[in-house]
Amino acid sequence: MAVYKKDQGIYARRTALWLLVLLLLWGAFRLYVWFSGFAALKASNMGEIPLTDVKLNWAFAIAAIIFAAAVFGCAKLLNRPKLADLMIDTEQEMKKVTWPTFNDAVNSSVIVIVTVIIFAVFLSVANTLYELVFDAMFL
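Residues numbered from 1 in each chain as written. Predicted model: local features only at pLDDT ≥ 70, side-chain atom pairs only at ≥ 80, totals over all residues. Heavy atoms only, no water.

Colleague: Would you mind showing me how to read the layout of surface pockets here?
Modeller: Take a probe with the size of a water molecule and roll it over the atoms, and the empty space left behind shows itself. Computed from the structure, the largest pocket encloses a volume of approximately 280 Å³. Taken together, eleven residues line the largest pocket, and the ones lying closest to its centre are Val3, Arg13, Arg14, Leu17 and Asn79. At the level of secondary structure, the elements contributing two or more residues to the lining of the largest pocket comprise helix H1 (10-35) and helix H3 (58-78). Broken down by element, the residue count for the lining of the largest pocket peaks at five residues, all from H1. A per-class count over the lining of the largest pocket returns seven nonpolar, one polar and three charged. Here the second largest pocket defines a volume of roughly 160 Å³. Every residue along the wall of the second largest pocket is listed here: Leu25, Ala28, Phe29, Tyr32, Val54, Phe60, Ala63, Ala64 and Phe67. (1 Å grid on protein atoms, 1.4 Å probe; cavity = no way out; pocket = protein on both sides within 12 Å on 5 of 7 lines; lining within 4 Å. Points joined across faces, edges and corners; volume = space filled by probe spheres on them. Helix = DSSP H or I, 4+ residues; strand = E, 2+ residues; numbered from the N terminus. Nonpolar A, V, L, I, M, F, W, Y, C, P; charged D, E, K, R; others polar.)

Colleague: Before we go on, may I ask you to explain the nonpolar core in this structure?
Modeller: Soluble globular proteins tend to pack their nonpolar side chains together in the buried interior. Core analysis: the largest hydrophobic core is formed by five residues, namely Tyr32, Phe35, Leu41, Ala59 and Ala63. Only H1 and H3 provide two or more residues apiece to this core. If we skip the residues at most four places from it in the chain, Leu41 touches Phe35, Asn57, Trp58, Ala59 and Ile62. (Core = buried A, V, L, I, M, F, W, Y, C linked by side-chain atoms within 4.5 Å. Buried < 20%, exposed > 50% of the residue type's maximum accessible area, 1.4 Å probe, protein only. Contact = heavy atoms within 4.5 Å.)

Next up, the structure:
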């Protein structure tokens, strides 16, 4: 399996692959838990994984095989020219971004938080006033 444009977009591709692997790992775990609910898949005991309490059974084997196939499929998918070019272009564009300094980010965050608090207080007061007015009018 040759890597398309091997030396380009390395960080974007690796990040995408590892995020997909983590998502697939979570999915494989959930699949293992679901398969463990079936007595036929849980009953067969093929041993235990060393240093863990995970029992090797058909539920674990099926989930592991599906996980391995899905990881291989994701690696193949991320190596397709169209998607690989998108990752390469994304990484190149991210290098052009002018990132804010830490102080700029903190100041902007404080402004956003204060603005949200002001709007929340305003809406709460307006809601209370409308409630008082409508209760007085219709009671």
